[in-house]
Amino acid sequence: MSQGSTAMDAGQDGHLAGGLDPALLVPEYPGPAALLDGGGHTLAANDAATGLLTALAGNQLPALATAIAAALGDGQMRQDRADLAGPRGGSALQLTLIPLGDKTSRRLLLLGRDGTLERNLIQALMQSRQLFKDLVSCSTDFAWETKADGRFGFVSPRGALGYTARELEGRDARQIVAEYSVDTPAPAILPFEAQVPQEATEIFLQRKDGTVGCFEVSCLPVRDAQGTWLGVRGVARDVTEARERVDALRRAHKQLNKLASTDGLTGLLNRRAFLAELDKRLARHLRNKLRGTLIYFDLDNFKKVNDVRGHQVGDEVLKHVSEEARRLMRGVDLASRIGGDEFLLWLEETDRNSAESISLRLHEIGRELDRQFGVEGFPLGLSVGAVFSRLDQLESTEALIARADEAMYAAKKGGKGRSHIAPLPDDEDGVPT
């Protein structure tokens, strides 16, 4: 069964943090690993993945194929499992599907680990307690049995969590469960008290030295011939390091996504990300018959600031105007530096009064910039153009931006430090201010 996880969009080129190509990680991964293209075809794989990919190509793993297609489609990380045929019951793999890159260039990193031991142990529990004890005595995983009172009746001979088996046997299992926070709630039913089978449930346990580890637990409830619940048997694997690697990868992807969509100097959306989001907004506004406003502005005499006061001061001007423009925006609005000293603002569900108000406030920002950074004889200010989205037909983002650019240059024709509010589709004249 596949299950969704946190959305994780990679950077535009689908590389990991530091520009590392995930294909370089595949041959070094200790378990099955493969890199797939947007069509699900193999780009790179290690030897351990041969059996998995062969079964997948032979349509023997339809659930996994569906999960791969879904992950490539929506960019969501997933976990899945695959049972491979073979001698002695074959093997079981626990798989993590990690989408990389944006929708147009998406790839998928497929990482697996051998879960055969857990599966075989669960099956062995149903046949013989003695067989269970024999298997777990040589296992590095933590195998256990709790009684109806919630206390451990059996623990792997090796012990667990820094405790010996004797220290844990007879102890209330809840005492080793770590404290959970509001942000990370505990499972609704702890595996040690499970009334139904659980598979690959993550739980945080506290070690003897006080540290907390993440464990993946599979278990089966134990019942007598009359169906009375007697307790639970299960195995737990310490996945703390693996979880930390996945969390690090998630953070790296989040950072890559931010770097790929924002302007490095100002932190505003870059042109590509702004256009992509504006595309969605225009379609939704047309569908709901709502009007939005696009404002295009640039800095008057900005080149003179660079020439006279230096590019470092020029960068401070750009950062300052970006911060001030961002303060004008609501959470639903968009702001972008599209290059040089040119900026775009998209105002959701606005009218002419809103556009005029924002334009006046932008000119206040311009006057403040001039007081702080201006060059004598060359006043620093803003030239502002504003246009409104159409309600009668879908207009391309390029066409809307072109109209806003024309409005901004119309403002410049009237003198620097001015704005031009373009007419609505049924108006005749713009409103210069």
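All figures in this text were calculated on a predicted structure; none of them were measured in a lab.

Some remarks on the sheet that holds strand E8 (residues 152-155)
- The strand order across the open sheet formed by five strands is E8-E7-E11-E10-E9, and the pairing between neighbours is antiparallel. Both edges of this open sheet fall to E8 and strand E9 (198-206), since each of them pairs with a single strand only. Strand-to-strand twist in this sheet, taken as the mean axis angle between neighbours without regard to direction, amounts to 30 degrees.
- Two strands pair when backbone bridges link them, and E9 and strand E10 (residues 212-223) are joined in this way by seven bridges, in the antiparallel orientation. The partner of Thr201 across the bridge, within E10, is Val217.

So, the environment of Leu190
- Tracing the chain through its elements places Leu190 in the loop between helix H5 (165-168) and E9.
- For Leu190 and Val177, which are 13 residues apart along the polypeptide, the C-alpha to C-alpha distance reads 9.0 Å.
- Non-local contacts of Leu190, meaning those with residues more than four positions away in its chain, are made with Arg174, Val177, Gln198 and Ile203.

A look at the pairing of strand E14 (residues 342-347)
- Within E14, five of the six residues are buried, which leaves the element mostly enclosed by the surrounding structure.
- Relative to E14, strand E12 (residues 293-300) is paired through six bridges, and the arrangement is antiparallel. When the bridges of E14 are listed, Phe297 appears paired with Phe343.
- In terms of strand pairing, strand E13 (residues 334-339) meets E14 through five bridges, oriented antiparallel. Counterpart to Leu334 in the pairing with E14 is Trp346.

Observations concerning empty space enclosed by the protein
- Scanning the model with the defined rule gives one cavity of 30 Å³ or more in all.
- Every residue lining the largest cavity is listed: Leu282, His285, Leu286, Ser389, Arg390, Gln393, Leu394 and Glu395.
- Residues of the lining of the largest cavity, tallied by class, amount to three nonpolar, three polar and two charged.

Describing the confidence of the model for the chain
- For the chain, the mean per-residue pLDDT works out to 84, and 86% of the residues sit at or above 70.
- Between residues 427-433, whose pLDDT stays under 50, and residues either more than four places distant or in other chains, the model counts 17 contacts.

Things to note about the packing of aromatic side chains
- Applying the stated criterion to the full structure yields four aromatic pairs.
- A centroid spacing of 6.2 Å and a plane angle of 55 degrees characterise the contact between Phe142 and Phe152, whose relative ring orientation is tilted. Of this pair, Phe142 sits in strand E7 (residues 142-147) while Phe152 sits in strand E8; the two residues are ten residues apart in sequence, bridging distant segments of the chain.
- Note on Phe152: relative accessible area 3%, which makes it buried.
- Measuring from centroid to centroid gives 5.5 Å for Phe152 and Phe192, while their planes differ by 80 degrees, and the two rings are edge-to-face. Here the residue Phe152 occupies a position in strand E8, and Phe192 occupies one in the loop between H5 and E9, the gap between them amounting to 40 residues.

Considerations on helix H1 (residues 50-57)
- Listed in full, the buried residues belonging to H1 are Leu52, Leu53, Ala55 and Leu56. Looking straight down H1, one finds its buried side chains confined to an arc of 160 degrees; they lie on one side.
- Against strand E2 (33-36), strand E3 (42-45), helix H2 (62-74), strand E4 (76-84), strand E5 (91-100) and strand E6 (107-114) lie the buried residues of H1.
- Positioned one or two residues after H1, Asn59 has a phi angle of 60 degrees, which is positive.

Brief notes about the environment of Arg233
- Within the secondary structure, Arg233 sits in strand E11 (residues 229-238).
- Overall, Arg233 belongs to the buried group, its relative accessible area being 16%.
- Along the chain, Arg233 and Lys147 lie 86 residues apart, while their C-alpha atoms are 8.9 Å from each other.
- In terms of polar contacts, Arg233 uses its side chain to reach the side chain of Glu145, at 2.4 Å.

Reading the values: the criteria
Every chain is numbered independently, its residues counted from 1 as its sequence is written. At least 70 in pLDDT is required for a residue's local features to be given in this predicted model, at least 80 for side-chain atom pairs to be given and counted, and no such filter applies to totals for whole chains, interfaces and linings, which use all residues. As a rule here, side-chain values come from all non-hydrogen atoms in the structure, and water together with hydrogens is ignored. When DSSP finds two or more bridges between two strands, those strands count as paired. By definition, any uninterrupted DSSP run of H or I lasting at least four residues is a helix, any uninterrupted run of E lasting at least two residues is a strand, and each is numbered from the N terminus. To obtain an axis, a line is fitted to C-alpha atoms, over the contacting stretch when the element is a helix, and the angle between two such axes runs from 0 to 180 degrees between their N-to-C directions. Contacts: residue pairs with any heavy atoms within 4.5 Å of one another. Buried residues are those whose accessible area, probed at 1.4 Å on protein chains only, stays under 20% of the maximum for their type, while exposed residues exceed 50% and partly exposed ones sit between those limits. Grid points spaced at 1 Å over the protein atoms alone were grouped into cavities, where a 1.4 Å probe fits but cannot get out, and pockets, open sets with protein on both sides within 12 Å along at least five of seven lines, with lining residues defined by an atom within 4 Å of a point. Grid points are joined across faces, edges and corners, and a volume is the space filled by probe spheres set on the points. Throughout, the ten residues Ala, Val, Leu, Ile, Met, Phe, Trp, Tyr, Cys and Pro are labelled nonpolar, Asp, Glu, Lys and Arg are labelled charged, and all others, Gly among them, are labelled polar. What pLDDT expresses is the predictor's confidence in each residue, scored from 0 to 100. Stacked, edge-to-face and tilted labels apply to pairs of Phe, Tyr and Trp rings (six-membered ring for Trp) whose centres lie within 6.5 Å, assigned for plane angles under 30 degrees, over 60, and everything in between, in that order. Throughout, the arc means that of the directions going from the helix axis to the C-beta atoms. Under this definition, polar contacts are N or O atom pairs within 3.5 Å; protein pairs additionally need one hydrogen-donor-capable and one acceptor-capable atom, and for neighbouring residues in sequence, both atoms have to be side-chain atoms.

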